[in-house]
Amino acid sequence: MENSEKKNLGIQNKKRINIAILDMDNLKNPHWAGGQARVTVEIGKRLVERHSITVYCSKYPDYEDYTENGIKYIHIGLGTNHARLNNIAYILILPFVVRKIKADIILENFTAPFATCFSPLFTKIPVVFLTSFFNPKALEKKYKIPFHIITKFGLKFYKYGIPLTKEQENEVKKNNNKINTMVIPNGVDGNYFEHPITEKNYILYFGRIDMNSKGIDLLLEAFSLVCNRVSEDLYIMGSGTQSEEAKMKNLIKIYGLEKRVKLLGRIFSPEKERYVAESKFVVCPSRYESLGLSALESMALGKAVVCFDISGFKWADNSICFKVEDISVEALAEKILEASKNHEVRRNVAKKAREFARNYDWDKSTHLYESFFEQVLNNFVV
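Reading the values: rules and limits
Residues numbered from 1 in each chain as written. Predicted model: local features only at pLDDT ≥ 70, side-chain atom pairs only at ≥ 80, totals over all residues. Heavy atoms only, no water. Pairing = 2+ DSSP bridges. Helix = DSSP H or I, 4+ residues; strand = E, 2+ residues; numbered from the N terminus. Contact = heavy atoms within 4.5 Å. Axes fitted to C-alpha atoms, helices over the stretch in contact; angles between N-to-C directions. Core = buried A, V, L, I, M, F, W, Y, C linked by side-chain atoms within 4.5 Å. Buried < 20%, exposed > 50% of the residue type's maximum accessible area, 1.4 Å probe, protein only. Phe/Tyr/Trp six-rings, centres within 6.5 Å; stacked < 30°, edge-to-face > 60°. Lys NZ or Arg CZ within 6 Å of the ring centre and 35° of its normal. Arc of directions from axis to C-beta. Expected span 1.5 Å × (residues − 1).

Caption draft 1: Representation of the sheet that holds strand β6 (residues 127–130). With respect to topology, 8 strands assemble into an open sheet ordered β3-β4-β2-β1-β5-β6-β7-β8, the strand pairing being mixed. The open sheet is flanked by β3 (66–68) and β8 (180–181), the only strands paired with a single partner. Here 5 bridges tie strand β2 (residues 52–58) to strand β4 (residues 71–76), and the two strands are oriented parallel to one another. Bridging across to β4, Y56 finds its partner in I74. Those strands touched by helix α2 (residues 35–47) are β1 (18–22), β2, β4, β5 (105–109) and β6, and its axis lies near 140° from that of β4. In the packing of helix α14 (residues 362–377) onto the sheet, the strands contacted are β1, β5, β6, β7 (160–162) and β8, and the crossing angle to β7 comes to about 175°.

Caption draft 2: Representation of the nonpolar core. L220 and F373 are the most contacted members of the largest nonpolar core, which totals 95 residues. It is helix α8 (residues 216–226) that provides the largest number of residues to this core, a total of 7 residues. Setting aside residues no more than four positions away along its own chain, F373 makes contact with I17, I19, L47, I105, L107, V128 and I162. Core analysis: the second largest hydrophobic core is formed by 29 residues, Y56, I106, A115 and I125 among them.

Caption draft 3: Spotlight on the packing of aromatic side chains. Scanning all chains against the criterion turns up 19 aromatic pairs. Centroid distance F129 to Y158: 5.4 Å. Interplanar angle 85°. Geometry classified as edge-to-face. Pair noted here: F129 is in strand β6 and Y158 is in the loop between α5 (147–154) and β7, with a separation of 29 residues, a long-range link. One exposure class covers both F129 and Y158, and it is buried. Aromatic pair W315 and F356: ring centres 6.0 Å apart, planes at 10°, arrangement stacked. Of this pair, W315 sits in the loop between β13 (305–308) and β14 (322–324) while F356 sits in helix α13 (residues 343–357), and the two are 41 residues apart along the sequence. The cationic tip of K28 hangs over the ring face of Y66; the distance from NZ or CZ to the ring centre is 4.8 Å.

Caption draft 4: Region of the structure containing helix α6 (residues 166–175). Within α6 the residues assigned to the buried category are Q168, E169, V172 and N175. One side of α6 carries all its buried residues, which in axial view fall inside an arc of 125°. Tucked inside the fold, the buried residues of α6 contact β6, α5 and β8.

Caption draft 5: Spotlight on helix α9 (residues 242–254). Here α9 contains 13 residues, and its C-alpha end-to-end distance of 18 Å stays within 8% of the 18 Å for a straight helix at 1.5 Å per residue. Within α9 the residues assigned to the buried category are E244, M248, L251 and I252. Seen along its axis, α9 keeps its buried residues to an arc of 105°; they face one direction. More than 90 degrees from the buried face of α9, the exposed residues found are Q242, K253 and I254. In the core, the buried residues of α9 are packed alongside α3 (83–100), α7 (211–214), α8, β10 (233–237) and β11 (261–265). Phi turns positive one or two residues past the end of α9, at G256, with a value near 65°.

So this is what it looks like as structure tokens:
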């Protein structure tokens, strides 16, 4: 970002803030490396131009503490091959770590399964939560545990929060209307809008490999219903835990899709952007999202998106995506078929989506983070 742009954003000559970020994930984590880890990097590498950033994340096999993009990463918990065991250890150990953190402000990423880690109870440092995960009810059906009760209870201890959407802010206020909030959405890289667009003969999913939350099981079953009626193959780009990837491969065999589904694995920029920009369209079959970063990036790269009409996609109306009203395999299959066959409609949706995505910018979001942190440190005396 040029100096003149920084000045316009109002981030010159500000007090240096020592920021600690609590984020279970990071982009080197072989188990996850999800969207929230991307958010931490994109916001962190911009904030670090003016401030100090330390991220406390979960251990994983062969981890090493490191500094990248000016951001220092410290790993805590267990570094086993069992992702969920590592997550549990991270949550249980975090309070002891928070007690020892020396910083001006702590940004806590809400994390599955019950969002809050109760950080304000263990420190006098101001804690700001980020609703990177804010749908505990979505996991209750799977685990048969009322996680949302813990979330509602935990919110009582927070004074400051950053919801990703207005819908999340409303939900926060229902539980604790005394929380000071600022809605700050995720962003996209400005270079995405300059990326050339073509249409090769494949449909793309990209993101974390997760059957339940990301709905890959729904996608594979839906594709099996229409694969004989569409010419495009399905490409799946991303990685996950060994167990989740095994489930995915098993479903591909069950549905007889071995010749129609191509597994790309985990791919990094700029090749990742190329695969998105060259797809016919992108399917984001998530059962829940906070703010679907994959969908937003797809739109910025000039692609139409097929997704369910869930709270995490309320920011996108039917003019800029193919919305599936019900979480139904049959309804998803029909929408995939519609996006495949209606070339003019698909391209018109993609064009509108790309213009819409220009409203989301990492630099603007970073400026809002910094402004909110300053308000917190000034006790909201603006």
